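Spelled out from the first residue to the last, the chains are:
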Amino acid sequence: MKDIIRASVAVIVVSALLLYINSQLGKTSGSTGSDTITVYNWGEYLDPELLNQFTEETGIRVIYETFDSNEAMMTKVEQGGTSYDVAMPSEYMIEKMKEDDLLIPLDHSKIPNLKNIDPYFLDLPFDPGNEYSVPYFWGTVGIAFNPDLLGKDFDFTSWEDLWSPELRQQVILVDSAREVIGMGLNSLGYSLNSTDEAELDAASAKLDELTPNVKAIIGDEIVEMMRRNEAAIALTWSGQALDMMYINESIDFAVPEEGSNLWFDNMIIPKTAANVDGAHQFINFMLDAEVAAQNADWVGYSTPNAAGLELMDPEVTGDERFYPDEEIRERLEVYRNLGPEMTGEYNERFLRFKMGMN
Amino acid sequence: MQNKSTKALYLIPYGAWILLFVVAPIALVVYYSLFDIHGDFTFSNYKAFFSSVYLELTLSSFWYAFLITLFSLLISYPTAYFLTKTKHKQLWLLLIIIPSWINLLLKTYAFIGIFGQYGPINAFFAAIGIGSTQLLFTDFSFIFVSVYIFIPFMILPIFNAIDRLNPALIDASRDLGASPWTTFRRVILPLTMNGVKSGIQVTFIPALSLFMITRLIAGNKVITLGTAIEQQFLVTQNWGMGSTIAVFLILFMFIIMLFTGQKEKGGASVGKTK
């Protein structure tokens, strides 16, 4: 009899423990009061020193957590149980969160530093009038390549270069449906937000022709591979390319002329925020010229902060590869939220492309 | 008076455990699989599974799982056999098992370095004049690493089965004039079949849903059902479709268990005399 009770108790204890752990995990962002805020950001995407500086200036303590995909971030906000006060999703995700009513409108009177932002990055189609979001960093999608490892001279001014027969088994693609399908669409001159079946079919067919050149489709491991000369060409984001260049100086980066993706990560206040006032203070702080400059130096991506830009090393800010001028930017496109069906379709096409590799 | 009611009482903890941690999760997966992306009740996910993409995916998953199991078995059976013949067999066995205590991800990352363009294998190839070859992101490297990871799980049950084999039966077979090959085929193999079946189970089923190695070692050139589930949940956020694939994976597992299930034929023919 005792055994039975003991075993039953064990089952109940395990269940209770799991429930407890679950609730604890849910509220790691925990006790956001008036003197703390919780910031939810991508990994390696904010100079930690600035968090201390913010606490010194305002007395608000910052709890800092990171995510690795827009979708993971949204799932956590959507399911509740968290109290993130500021998060930094990408533009298409903001469109989606807006539709799902997951954002709190910003009070512009509490963000005077908004004036520091280059007007080019304000009032964009995904958030007219910056009602919900303020730009944080921006960048492009392009080709990182190592001329030392390539026999022939390539400058990758055109996506078409990737299809060259000389590049057999040389190209690494990033494991992300929108980037790869988008490249297929761009290489044919279509919009990377296309929802036209015929255009998508053409892009899929075009991508299938690329398979002999594809070495692998991987995630963040790309950076290490390029740094160690394991790979010569990679389809990647501008900031990742910069990470590679810090270590391996032979690497170059190009954004092909047919067009590519221009992306923005933005600061928003999710519906679940507990300290909305503190969140505004934090956003305003991050927009300060000196703070933005220091942060951009640390992170490496391009800052939309015009006042901060002036404080930075002109050699960095003058680099056309990472701060392309407006003429080049005109050719680039911002992702739109495609809706669940089209997102599914893009992913299915990507899956089919991957399966065609073998 | 140890009657039925006490027996039933003993079943309560077991029943509660099964209900909470086996039945409930599976029921949830089945439940989710019946809703589409808008949260409407539908069977369309099941219809979608029978479209060409997912069927092809299933076939290729099975093919790779089959290859991984086959090579694991080809290496494990002789290894287990010779292990039982060694003097300190438990020690040798332990040495083979120990690597499986190391985190899977760590081992996988190690292979990225080993197979790399500048890794030791390519350095060796260069030294003997073959020249460096692309090893990473090939079918070969994928199967090699997977086999390496599954071998300890395959060896263990086979080792136990061979170890339990009564040596008198082999002697008898020889005395009656059977050649070594016949002895193996007619005596040793049938009597250790249960170990082989368990080994196949613990290799084939996880191999069906490998997904991390497919990316890190095969560069996503090999796609398994596991990859598809991960994508549906994390990227597409189509939990319905992800659950549907998971339901089929569970079904496949049941079928495999059915085929490799142990038939209780009484211990006398297998075990050493007790």
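Just so it is clear, the structure is predicted and the values come from calculations on it, not from any experiment. (Residues numbered from 1 in each chain as written. Chains lettered and ligands numbered in written order. Predicted model: local features only at pLDDT ≥ 70, side-chain atom pairs only at ≥ 80, totals over all residues. Heavy atoms only, no water.)

1. Looking at the interface of chain A and chain B
On the chain B side, the residues contacting the 40 residues of chain A number 40 residues. Across the chain A to chain B interface the summed buried area is about 3,500 Å²; carbon plus sulfur atoms make up 59%. Across the chain A-chain B interface, the total number found is one salt bridge. In this structure, the salt-bridge partner of E221 of chain A is R215 of chain B, at a minimum N-O distance of 3.1 Å. Our enumeration of links across chain A and chain B arrives at twelve residue pairs in polar contact (both at pLDDT 80 or more). (Contact = heavy atoms within 4.5 Å. Buried area = accessible area lost by both parts, 1.4 Å probe. Salt bridge = Lys/Arg side-chain N within 4 Å of Asp/Glu carboxyl O. Polar contact = N/O pair within 3.5 Å; in protein donor to acceptor, adjacent residues only side chain to side chain.)

2. Observations regarding the UniProt feature "binding site: spermidine" (unreviewed entry) in chain A
Residue and element names in this part refer to chain A. According to UniProt, the "binding site: spermidine" (unreviewed entry) feature falls on E44 and Y92. Within the secondary structure layout, E44 lies in the loop between β1 (36-42) and α2 (48-58). Considering the arrangement of structural elements, one finds Y92 in helix α4 (residues 91-99). Dropping the residues within four chain positions of it, Y92 is found in contact with N70, E71, Y335, R336 and N337. Only 3.1 Å separates the side chain of Y92 from the side chain of E71, close enough to count as a polar contact. (UniProt positions renumbered as here; feature names shortened; annotations may be inferred. Helix = DSSP H or I, 4+ residues; strand = E, 2+ residues; numbered from the N terminus.)

3. Looking at the UniProt feature "domain: ABC transmembrane type-1" (unreviewed entry) in chain B
Mapped onto this numbering, the UniProt entry annotates "domain: ABC transmembrane type-1" (unreviewed entry) at residues 58-260 of chain B. Along residues 58-260 of chain B one finds 78% helix and 0% strand; the C-alpha atoms at either end are 20 Å apart.

4. Notes on a nonpolar patch on the surface
On the surface, V14, L17, L18, Y20 and I21 of chain A together with W17 of chain B cluster together into a nonpolar patch covering about 570 Å² of accessible area. It is helix α1 (residues 2-26) of chain A that provides the largest number of residues to the nonpolar patch, a total of five residues. Within the secondary structure, L17 of chain A sits in helix α1. (Patch = residues over 30% accessible without salt bridge, like charges linked within 9 Å, V, L, I, M, F, W, Y side chains within 5 Å. Areas by Shrake-Rupley, 256 points an atom, 1.4 Å probe, with all protein chains shown as cover.)

5. Some thoughts on the confidence of the model for chain A
Across chain A, the average pLDDT comes to 89, with 97% of residues at 70 or higher. Mean pLDDT values for the elements of chain A range from 81 in α1 of chain A up to 96 in helix α6 (residues 197-210) of chain A. (pLDDT = per-residue confidence, 0-100.)

6. A closer look at empty space enclosed by the protein
Residue and element names in this part refer to chain A. In total, this model carries two cavities of 30 Å³ or more according to the counting rule given. Of the voids in this model, the largest cavity is the one considered here, and its volume is about 80 Å³. I117, P135, Y136, F137, M267, M286, L287, A292, N295, T303, P304 and N305 are the residues that line the largest cavity. Listing elements by their share of the lining of the largest cavity, those giving two or more residues are β4 (133-145), α9 (276-287) and α10 (289-299). In terms of residue class, the lining of the largest cavity is made up of nine nonpolar, three polar and no charged. Empty space within the second largest cavity amounts to approximately 40 Å³. Forming the boundary of the second largest cavity are V141, W159, E179, G182, M183, N186, L192, S260, N261 and Y335. Among the elements that line the lining of the second largest cavity, the one with the most residues is helix α5 (residues 177-187), at four residues. Taken together, the residues that form the lining of the second largest cavity break down as five nonpolar, four polar and one charged. (1 Å grid on protein atoms, 1.4 Å probe; cavity = no way out; pocket = protein on both sides within 12 Å on 5 of 7 lines; lining within 4 Å. Points joined across faces, edges and corners; volume = space filled by probe spheres on them. Nonpolar A, V, L, I, M, F, W, Y, C, P; charged D, E, K, R; others polar.)

7. Some thoughts on the domain arrangement of chain A
Here chain A is described as being made up of domain 1 (1-30), domain 2 (34-137 + 265-317) and domain 3 (139-262 + 325-355). Just the C-alpha atoms count here: the centres of domain 1 of chain A and domain 3 of chain A sit 47 Å apart. (Domains from an automatic or database assignment.)

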